[in-house]
Every structure is written in C-alpha cells, then in structure tokens.
Amino acid sequence: MSITDVLNSSYIKWMDTQAGDRDIVVSSRVRLARNLNKIPFPHLLDQVNGESCVQQIRDAWQKAPGPILAAMDMISFDQLPALDRQILAEKHLSSPLHADSNSIFRAILVNDEGSLSAMVNEEDHLRIQSLLPGLQLGECYSRVQDLDDEFEQNLDYAFDENRGYLTSCPTNVGTGMRASVMMHLPAIQMTGQLNHILQNIGQLGLVVRGLYGEGSEAVGNFFQISNQITLGQTEEDIYNYLQTITEQIVEQERLLRERLQTDMKYQLEDKIGRAYGILSNARVISSDEALTLFSDVRLGVDIGILKGISIFSLNELMVAVRPAHLQKRTGQDMDAIERDIKRAEVIKEKLGAVRE
Amino acid sequence: MYCEECKKNPATVHLTQVFNGQKMESHLCEECASQKSGFMFDPANKFSIPNLLGSMFGSNYSVQGMPAMALHSTCPNCGMRFMDIKQVGKLGCSECYKAYNQELEAPLRRIHGNSQHLGKIPVRGGEKVLVRKQIEVFKNQLQEAVRAEEYEKAAEIRDMVKEMESKLL
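Residues numbered from 1 in each chain as written. Chains lettered and ligands numbered in written order. Predicted model: local features only at pLDDT ≥ 70, side-chain atom pairs only at ≥ 80, totals over all residues. Heavy atoms only, no water.

Caption draft 1: Here's a closer look at the overall build of chain A. Each helix and strand counted, chain A has 14 helices and 10 strands in total. A compact globule built from 356 residues would reach a C-alpha radius of gyration of about 21 Å, and chain A, at 21 Å, matches this within 12%. Evaluated residue by residue, chain A yields a buried proportion of 61% over its 356 residues. A separation of at least 24 residues holds for 72% of the contacts in chain A among residues at least 6 apart in sequence. Total accessible area on chain A is roughly 13100 Å²; 46% of this is exposed by carbon and sulfur atoms. (Helix = DSSP H or I, 4+ residues; strand = E, 2+ residues; numbered from the N terminus. Rg over C-alpha atoms; globule rule 2.2 N^0.38 Å. Buried < 20%, exposed > 50% of the residue type's maximum accessible area, 1.4 Å probe, protein only. Contact = heavy atoms within 4.5 Å. Areas by Shrake-Rupley, 256 points an atom, 1.4 Å probe, with all protein chains shown as cover.)

Okay, structure coming up:
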C-alpha cells in the first residue's frame, strides 16, 4: 500500500472498531511539534531555507534508521492536486491549514494504514501524529514516540534545556505534544448537560473543539478534547490526565444514555428511526444534515435500537460524504448541489447495503 | 409537560444537577433554559488561542518592567523583532527563544502556568542535559550507599560522577 491507496480508499485505521470505549470515543490522537535548529519557522521560510528544511527531512526519511520510517511514504505537496490534499485533511492526516497550499516546502509522510503521519511545514517544520481508533492514548503516544526517535537520529531538533522542544507558537513549546480524543456525546447534548461539562473541561485546562480541529464547528455531537498546556508537565502526565477526564465523560454519557432509554424510550426511538428513514431515503442532503443524522443513527446502533449497521460503516461514511471524497469518487469537480445529490446516493448505498 | 419557569411552552430541556449529593431536576423550555444556564460554548465564536496571543505578549507586559529596548532588538539568526512576535503571536526561529529568553518568561507562565520543561529530552543536542540528569540520579544513589555504609560502592559511584562531570566541561 502507498499514499495512492490512502488517497483512493475511504478507509483509514481510526475507523476500525475493535478498540475500547469505541461507542463513545471515536478516535485518539497524539501529535508532537518539532522544528529544526536555527532554520526559521515555516511562516518565515524563504527559498533557500525552505529547500534545505524539506531536504533534511527527506534525507532523514530516506535513511530510515528503523522500521517505522522505512514503512512510510513521503510526497511533496507540489506533486499533489488540491483535491488530494483536501482528502488528506478530511481523513485527519493533514490539517485544513496545511492542505491549503501546494508549496514545494510542504509535504506529508504517511504509513499504510494512516495510523502514523507527519506534516512537513505546517505551523512547525514537523508535526508527527499517531491516530488510532477508540480510547488508546498510551498506545498513540508510544507509537509517535518511536517515530520521533527515528527522525531524531538524523535531524538536529531545536531544543532548549529549560524551554524544551522549541515551536513556532509559544502555546506548543515544551513537550510540543497535543493529545486529543474525538468523542460522540449525543446523550449529554440531548439532556442539556453539555454546557456544564464543557465549562468544567475548560477549568480543567483542557480545550474543546469541533470535528476538524481549531476553528471548526461541533457538528453531529462530535467533540475533540485536548490538552492546552504543553510546558512543565511530562508527556505521560499529559495523556494520563486526558485519559482520566475522558473516562469520566464516557461514564457520564453512558449514564445519560441509560436514562434516556428508560425515561424517553419512545421519543428516542422515534428520533433514531426518523434519522435512519431520512438517511436511507433522501435524494439531496447537505454535509451538516448528514452528520447530524449520523449522530442519531450511531446512537441507535450503540444502544441496540438499530440492528445490522456497523459503527465501522458509519465512521467510513463520515469521511466518505465530505466534499473531496465525493469528488474523488465520481472523478470530477462538482458544485454544492451535485455533491448533495451524490452524498445522498453514497449514504443510501452504504446504509442500504449493510441493512440487508 | 410544560416549562417550570414560564409555564407556557412545552418543556424540551431536562436538566439534572447534583449539588453535594442532592439531585435537582428541572424541566424547561429552550428559551428559559438558555437564560438560566448561561451558555458558554459557542463553536461559531472564533475565540482561538493564537488570536489571543498578541495580547499575551501584550501591553500589560511593560508594566512588569520589561526594558523598552527589547521591542526594537532583533533576533541575530532570523531578524525577527520582539514587536513582530507580539503582532503575529509566533516566534521566528529556535534562536528567538534565546534572544528573547527574559521577555518570554512571563508570557510562558501565563500560557502554561510554568516555564520549565519537564518532558522528553532528545538524545542529540540533549546530551548535556541527559548527563546532568544522570549525575543527579548517581548522586542520590551515592547518598543511599553512604547511608547504608556501603563505602566501596559509594566510592565507585563517586568516580562515575566525577567522570561524567568532566564530560560537561
């Protein structure tokens, strides 16, 4: 498998569903921000430094001192059409900010299953991430750590004894680590508990974002929760803390789901049934509407009201209905209306197929 | 069921709060609920950290006695001025952290509540830090050995510490 396969299929590792707490925690991610010593940060890169930066990273990849880098593919963004870059962002391998430009200084490294990747010259020279299904922060950290060690053998990282790993933005300095979980919290939302929980999370030094990270909206009851502080704590402390808080939120969501099932059985079954009805019969559907209804259907599958639909296929659908994936599938540019029609078709095909 | 507050609209928001083990339930309409709970989360609100950063380095800074000179000094490696950093909320290169070490102390504390790295240390470039940490470990072992009156072992550790300290010079 190569980067072409990652681009052509709608599958990526985090969609797998064997992992723990996967009904509520969709995926876990740990990313490390790293920079090269003395080379200006990406926002100041000129031609000479930019070329040198990409070349050093390419060399480190080609030398591949261990099995992890050896199993990764690297491609420069000037070799990738805008659509493919957007596909990487929709899969959470690149960020919207990174995928935005075809600069020759930008590139991406990715492994077969998309569980490990590295963005070159996003906000920092290197952003290495591990992205896995369910609640697996410890595993994510250990994988990203191993990749970091392989890179480090041939890269001269910017590091300071007191400040740690030096990053372009001071909010990332120190460990350079951001650990995050993507959670699906429909019951907390439906019971009006969301504001309380989100306020508390803020006071605990964690940040809540929407489905596509910074600045994105929380659609379909999906929330990304991550650490805010990167300096003055060890990496283990950071992810263990997030893990503990996540487990508490999972517990709360479980309790509320049970209560909804007893107190509002009919309303809940009605809502879920209607969502499934719309999804499997709509001819034109927007991305936002689809994601909102996926949330209801997902809840229905989790609590056993809807049978025969897998969480895996719902995970896959969440990505498959995004604009770039729809256009890749049809092999042509589409305007918003054409996409809405195609989206309805894809949903019907996937949901219909699993129901029978 | 009608809203407990206005008693006009149907109750669509069902709130359960637990205070000191006492459970309180309230059933409200959306309108009354939004007034009551002081809803804080607005995803459309672009209140992101980078946007705030300018102010992190910002005006309240000079109050803390930062020399006015620093605003106009430049990083010897990338040429970024501290006032530019304030404006974009980003540093220019790894050397900026050295050039503006003092100026960054307060903002870093403000962001992280801390200004001293405790996490991973790279093997390359971090050699001296690793040696220093190892010396700390040995010194603790040395004390242990002395306390246990294992003087031969203590002498061995002392020699290792000496050797490592010579590496730092």
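Caption draft 2: Expanded view of helix α12 (residues 311-320) of chain A. α12(A) sits mainly inside the fold: 9 of its 10 residues count as buried. Among the residues making up α12(A), those that are buried are I311(A), S313(A), L314(A), N315(A), E316(A), L317(A), M318(A), V319(A) and A320(A).

Caption draft 3: Seen up close, the pairing of strand β2 (residues 72-76) of chain A. All names here are of chain A. Across the 5 residues that make up β2, a large majority, 4, are buried. The pairing of β2 with strand β3 (residues 107-111) spans 5 bridges and is antiparallel. The residue bridging M72 from the neighbouring strand is N111, located in β3. (Pairing = 2+ DSSP bridges.)

Caption draft 4: Summary view of unusual backbone geometry. A positive phi is found at K38(A), a non-glycine position, where the angle reads about 70°. Mapped onto the elements of the fold, K38(A) is located in the loop between β1 (25-34) and α2 (47-63).

Caption draft 5: Representation of the domain arrangement of chain A. Residues and elements named next belong to chain A. Domain parsing of chain A yields domain 1 (3-255) and domain 2 (264-354). Of the residues lining the interface, 27 residues belong to domain 1; the matching set on domain 2 comes to 24 residues. Together, the buried faces of domain 1 and domain 2 total about 2300 Å²; carbon and sulfur atoms form 67% of this surface. Put simply, domain 1 and domain 2 have 1 salt bridge between them. Where D84 meets K328, a salt bridge forms, and the shortest distance between an N and an O atom there is 2.8 Å. (Domains from an automatic or database assignment. Buried area = accessible area lost by both parts, 1.4 Å probe. Salt bridge = Lys/Arg side-chain N within 4 Å of Asp/Glu carboxyl O.)

Caption draft 6: Quick look at the interface of chain B and chain A. Tallying the contact residues gives 49 residues for chain B and 58 residues for chain A. Sorting the residues of chain B by area buried against chain A places Y97(B), H112(B) and K120(B) first, and these three jointly supply 17% of that buried surface. If you look at where chain B meets chain A, you find 3 salt bridges. At the junction of chain B and chain A, the tally comes to 21 residue pairs in polar contact (both at pLDDT 80 or more). Looking at the side of chain B that touches chain A, the elements that each hand over two or more residues are β1 (13-19), β2 (22-28), α2 (49-56), α6 (101-112) and α7 (127-147) of chain B. For the side of chain B that touches chain A, a count of residues per class yields 23 nonpolar, 17 polar and 9 charged. (Polar contact = N/O pair within 3.5 Å; in protein donor to acceptor, adjacent residues only side chain to side chain. Nonpolar A, V, L, I, M, F, W, Y, C, P; charged D, E, K, R; others polar.)

Caption draft 7: How the structure looks around the packing of α7(B) against helix α8 (residues 151-168) of chain B. Residue and element names in this part refer to chain B. Orientation of α7 relative to α8, taken along the N-to-C sense of each, is 160°, at an axis distance of 9 Å. Between α7 and α8, the angle falls in the class roughly antiparallel. For the element pair α7 and α8, the recorded crossing hand is left-handed. Of the residues in α8, those touching α7 at K128, V131, R132, Q134, I135, F138, K139, Q141, L142, A145 and V146 are Y151, A154, I157, R158, M160, V161, M164, E165 and L168. Of the residues contributing to the contact of α7 with α8, the split by class is 13 nonpolar, 2 polar and 5 charged. (Axes fitted to C-alpha atoms, helices over the stretch in contact; angles between N-to-C directions. Parallel < 35°, antiparallel > 145°, perpendicular 65-115°, else oblique. Left-handed = near helix turned anticlockwise from the far one by under 90°.)

Caption draft 8: Expanded view of the environment of I111(B). All names here are of chain B. The topology assignment puts I111 in helix α6. For I111, a relative accessible area of 13% puts it in the buried group. For the pair I111 and N101, spaced 10 residues apart in the sequence, the C-alpha separation amounts to 15 Å.

Caption draft 9: How the structure looks around the sheet that holds strand β8 (residues 177-184) of chain A. Residues and elements named next belong to chain A. Spatial strand order, β2-β3-β4-β5-β1-β8-β10-β9: 8 strands in an open sheet with antiparallel pairing. Here the strands that pair on one side only, and so sit at the sheet edges, are β2 and β9 (206-209). Across the sheet, the mean angle from the axis of one strand to that of its neighbour is 20°, orientation sign disregarded.

Caption draft 10: Representation of the environment of S10(A) in the model. All names here are of chain A. Structurally, S10 can be placed in the loop between α1 (3-8) and β1. Put simply, S10 and M318 are 308 residues apart on the chain and 9.6 Å apart in space, counted from C-alpha to C-alpha. If sequence neighbours within four positions are ignored, S10 has contacts with M15, K91, E316, V319, A320, H325 and K350. Looking at S10, its side chain comes within polar contact range of the side chain of E316, at 2.8 Å.

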